[in-house]
Amino acid sequence: MKTESSNDVTRILVVGGGYVGMYTALRLQRKLKQELQQGTVEVIVVDPEPYMTYQPFLPEAAAGSISPRHVVVPLRRVLPQCKVVIGEVTALDHTDRRATITTLAAEESGNGAIEVEYDEVVLAPGSVSRTLPVPGLADVGIGFKTVEEAIGLRNHVLGQLDIASSTRDPAVRDAALTFVFVGGGYAGVEALAELEDMARYAVRYYHNIQPEDMKWILVEATDRILPEVGPDMGRYAVRELRARNIDVRLETRLDSCEKRVAQLSDGSRFPTRTLVWTAGVKPHPILAATGLPLNAHGRLKCTPALQVDGVEHAWSAGDAAEVPDLTAPAPAKPDEPRAVCAPNAQHALRQAKVLAENIAAAVRGGPIRDYEHKYVGSVASLGLHKGVAHVYGRKLKGYPAWFMHRAYHLSRVPTFNRKARVLAEWTLAGLFKREIVSLGSLENPRAEFELAAGTGRHNEAS
């Protein structure tokens, strides 16, 4: 199946529906409203999922503070003037300006993929988990990048409490109550802190489990955690976590996790049924298949105007792009590389705005501008009513930092609908007790029916 690009229609293909992809398309809807209504411009957004995940809320979704459906933003609802294609770009020939897209329908019918011709392309496929060749990791590791992983981890942690409560085997009990998180960045620290908070609250309903029975272990290969909030706040975060009986291991690596035993580089061994891997991300593999210029880390080399360096009609931002930081001091020597923007949400949201305005200018024949934003700092949650922040040179900790964390992300989550729903859930959570329910069966909804229809526990003699 082919989708041809008419000479009378300018087609903009947006690869990815995450931060950059969705916000760019949203901005294009506003900037090119007249052209979209007249049919002279067409915006196509391609993503494997029909929604954008607001990842800063994943730890709170895992802890049950926010409903999972409020962590995601439906693409078709917020992008009514765009064509949303649920599929994955598997090949891109920018010379002919043609992309090959594999959709669910193509997989079911076997008719092949869709070929889409475009005039401008935005490459924003995001990133994927960066794994290392650690023995056993692929078999037992749990990621933390999607809402499905967040809810699955919540169900898993509560399920381990049930196992520990119902067994008389001390080895099984200890393994069930040992939770190992690898990676001391935002995802690892916030996920561990929120889930530890939730589990500490949950064990009050178990007659034979005490909070001190649980082992929570954070493994970080460098000498500090949360580098984005600065060394002082990073050290405070370590002290705060250790005060909650969380074992923080700095300058330590995971060497093996075979047979459900976490073997660390300092010689420690922890039998565990929970190993969460949050040790960094890497660019999406599709970038390597585009033939466009990449840096040593696999990200697209871009100009300050967010164009792919040396390539016309190709744009990128966010995790996929290496964008020069114009606010950073110039290199001391001419041959030294210029500083680049960190691949985080703060830059991605602002880059998407400039990117959309530049594409609109290119479509209309106007001037484009460079992206320039001075990094203002970071905030991180350490569980309910606890946090750290380093913003505009000011350092905050405890409740003020936690409040700033919530206020900032509430202001950034897209659509008034989502803001109102999240705020309502936070308000209700402050008035009532936590909901501590494991719905692990949601991950395999046909299991009960298969048991009844087959040879399971509900099988009846004929």
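Residues numbered from 1 in each chain as written. Predicted model: local features only at pLDDT ≥ 70, side-chain atom pairs only at ≥ 80, totals over all residues. Heavy atoms only, no water.

*Asks:* Just checking my understanding: could you explain the overall build of the chain for this structure?
*Replies:* When its secondary structure is counted, the chain shows 14 helices and 25 strands. Its C-alpha atoms put the chain at 75 × 75 × 45 Å along the principal axes. Within the span of the chain, comprising 462 residues, buried residues form 49% of the whole. In the chain, of all internal contacts separated by at least 6 residues, the share reaching a separation of at least 24 is 65%. (Helix = DSSP H or I, 4+ residues; strand = E, 2+ residues; numbered from the N terminus. Buried < 20%, exposed > 50% of the residue type's maximum accessible area, 1.4 Å probe, protein only. Contact = heavy atoms within 4.5 Å.)

*Asks:* Even after reading the chapter, I still don't get the environment of lysine 282, so can you show me in this structure?
*Replies:* With respect to the helices, strands and loops of the structure, lysine 282 is situated in strand β19 (residues 281-283). Expressed as a C-alpha distance, the spacing of lysine 282 and serine 127, which sit 155 residues apart in the sequence, is 5.4 Å. What lysine 282 contacts, discounting residues up to four positions off in sequence, is Ser127, Val128, Ser129 and Arg130.

*Asks:* Is there a simple way to explain the state of the cysteines in this structure?
*Replies:* Structurally, a disulfide amounts to a covalent bond that connects the sulfur atoms of two cysteines. Applying the stated rule across the entire model yields zero disulfides. Just so you know, cysteine 341 is unpaired, no disulfide at all, and the nearest cysteine sulfur is the one on cysteine 302, 10 Å from it. With relative accessibility at 3%, the residue cysteine 341 sits in the buried group. (Disulfide = S-S within 2.5 Å.)

*Asks:* Looking at this structure, I do not really get the pattern of salt bridges. What am I missing?
*Replies:* Pairing is possible between side chains of opposite charge, provided their charged atoms come close. Applying the stated criterion across every chain, the model contains 16 salt bridges. A salt bridge links lysine 386 to aspartate 197; the nearest nitrogen and oxygen atoms lie 3.6 Å apart. In this pair, lysine 386 sits in the loop between β23 (377-381) and β24 (387-391) while aspartate 197 sits in helix α9 (residues 186-202), placing the two residues 189 residues apart along the sequence. Salt bridges linked by common partners bring Arg11, Glu42 and Lys83 together as one network. (Salt bridge = Lys/Arg side-chain N within 4 Å of Asp/Glu carboxyl O.)

*Asks:* Help me understand the sheet that holds strand β13 (residues 215-219), please; the structure alone is not making it clear to me.
*Replies:* For sheets, the rule is that strands pair by backbone hydrogen bonds, running either parallel or antiparallel. Spatially, the five strands line up as an open sheet ordered β11-β18-β12-β13-β14, and their pairing is parallel. Strands at the two margins of the open sheet, each flanked by one partner only, are β11 (141-142) and β14 (246-249). When strand β12 (residues 178-182) meets β13, the two strands line up parallel, connected through five bridges. In the sheet register, phenylalanine 181 faces β13, and the bridge partner there is leucine 218. The strands that α9 touches are β12, β13 and β14; relative to β13, the one it contacts most, it runs at about 175°. Docked against the sheet, helix α10 (residues 231-243) engages β13 and β14, running at close to 140° with respect to β14. (Pairing = 2+ DSSP bridges. Axes fitted to C-alpha atoms, helices over the stretch in contact; angles between N-to-C directions.)

*Asks:* How should the layout of surface pockets be read in this particular structure?
*Replies:* One water molecule sets the probe size; rolling that probe over the atoms shows where empty space is left. Taken as a whole, the second largest pocket encloses approximately 870 Å³ of empty space. Together, 32 residues line the second largest pocket, and Gly64, Ser65, Ile66, Glu425 and Ala429 are the ones closest to its centre. Elements with a minimum of two residues in the lining of the second largest pocket: α3 (58-63), α7 (147-166), α12 (399-412) and α13 (416-431). Considered class by class, the residues forming the lining of the second largest pocket number 20 nonpolar, six polar and six charged. (1 Å grid on protein atoms, 1.4 Å probe; cavity = no way out; pocket = protein on both sides within 12 Å on 5 of 7 lines; lining within 4 Å. Points joined across faces, edges and corners; volume = space filled by probe spheres on them. Nonpolar A, V, L, I, M, F, W, Y, C, P; charged D, E, K, R; others polar.)

*Asks:* What am I meant to see in empty space enclosed by the protein here?
*Replies:* For the coordinates displayed, the defined rule picks out two cavities of 30 Å³ or more. In this structure, the largest cavity is lined by Glu196, Arg200, Pro211, Glu212, Met214, Trp216, Arg244 and Asn245. Classifying every residue of the lining of the largest cavity gives three nonpolar, one polar and four charged. Volume-wise, the second largest cavity comes out at about 30 Å³.

*Asks:* Before we go on, may I ask you to explain the sheet that holds strand β15 (residues 254-256) in this structure?
*Replies:* Sheet architecture is open: three strands sit in the order β15-β16-β17, paired in antiparallel fashion. Each end of this open sheet is capped by a strand with a single partner; those strands are β15 and β17 (269-271). This sheet shows a mean twist of 35° between the axes of neighbouring strands, independent of strand direction. Sheet topology note: the β15/strand β16 (residues 261-264) ladder contains two bridges and is antiparallel. Its bridge partner lying in β16, leucine 254 is registered against leucine 264.

*Asks:* Hey, could you run me through the packing of aromatic side chains in this one?
*Replies:* For any two aromatic rings, the description comes down to two numbers: the centre-to-centre distance and the angle of the planes. Taken as a whole and assessed by the stated rule, the structure comprises eight aromatic pairs. Between phenylalanine 179 and tryptophan 216 the ring centres are 4.3 Å apart and the planes differ by 25°, which places this aromatic pair in the stacked class. Within this pair, whereas phenylalanine 179 is found in strand β12, its partner tryptophan 216 is found in strand β13, the two being separated by 37 residues in sequence. For the pair formed by phenylalanine 179 and tryptophan 216, the shared burial category is buried. Look at tyrosine 399 and tryptophan 402: their rings are 5.3 Å apart centre to centre, the planes differ by 45°, and that puts the pair in the tilted class. Taken together, the residues span about one helical turn, with tyrosine 399 and tryptophan 402 both in helix α12 at a distance of three residues. (Phe/Tyr/Trp six-rings, centres within 6.5 Å; stacked < 30°, edge-to-face > 60°.)

*Asks:* Looking at this model, I keep getting lost on the side chain of glutamine 351. Mind explaining?
*Replies:* Within the secondary structure layout, glutamine 351 lies in helix α11 (residues 345-364). Separated by 2.8 Å, the side chain of glutamine 351 and the backbone nitrogen of glycine 318 make a polar contact. Beyond its immediate chain neighbours, meaning those up to four positions away, glutamine 351 contacts Leu306, Ala317, Gly318, Val323, Cys341 and Tyr371. (Polar contact = N/O pair within 3.5 Å; in protein donor to acceptor, adjacent residues only side chain to side chain.)

*Asks:* What should I look at first to understand α10 in this one?
*Replies:* Note that an α-helix has 3.6 residues per turn; residues three or four places apart therefore point the same way. In a regular helix each residue adds 1.5 Å, so 13 residues correspond to 18 Å; α10 covers 18 Å between its end C-alpha atoms and thus fits that length. The inward-facing, buried residues of α10 abut α9, β13, β14, β24 and β25 (394-397). Just downstream of α10 lies asparagine 245, where phi reads positive at about 70°. (Expected span 1.5 Å × (residues − 1).)

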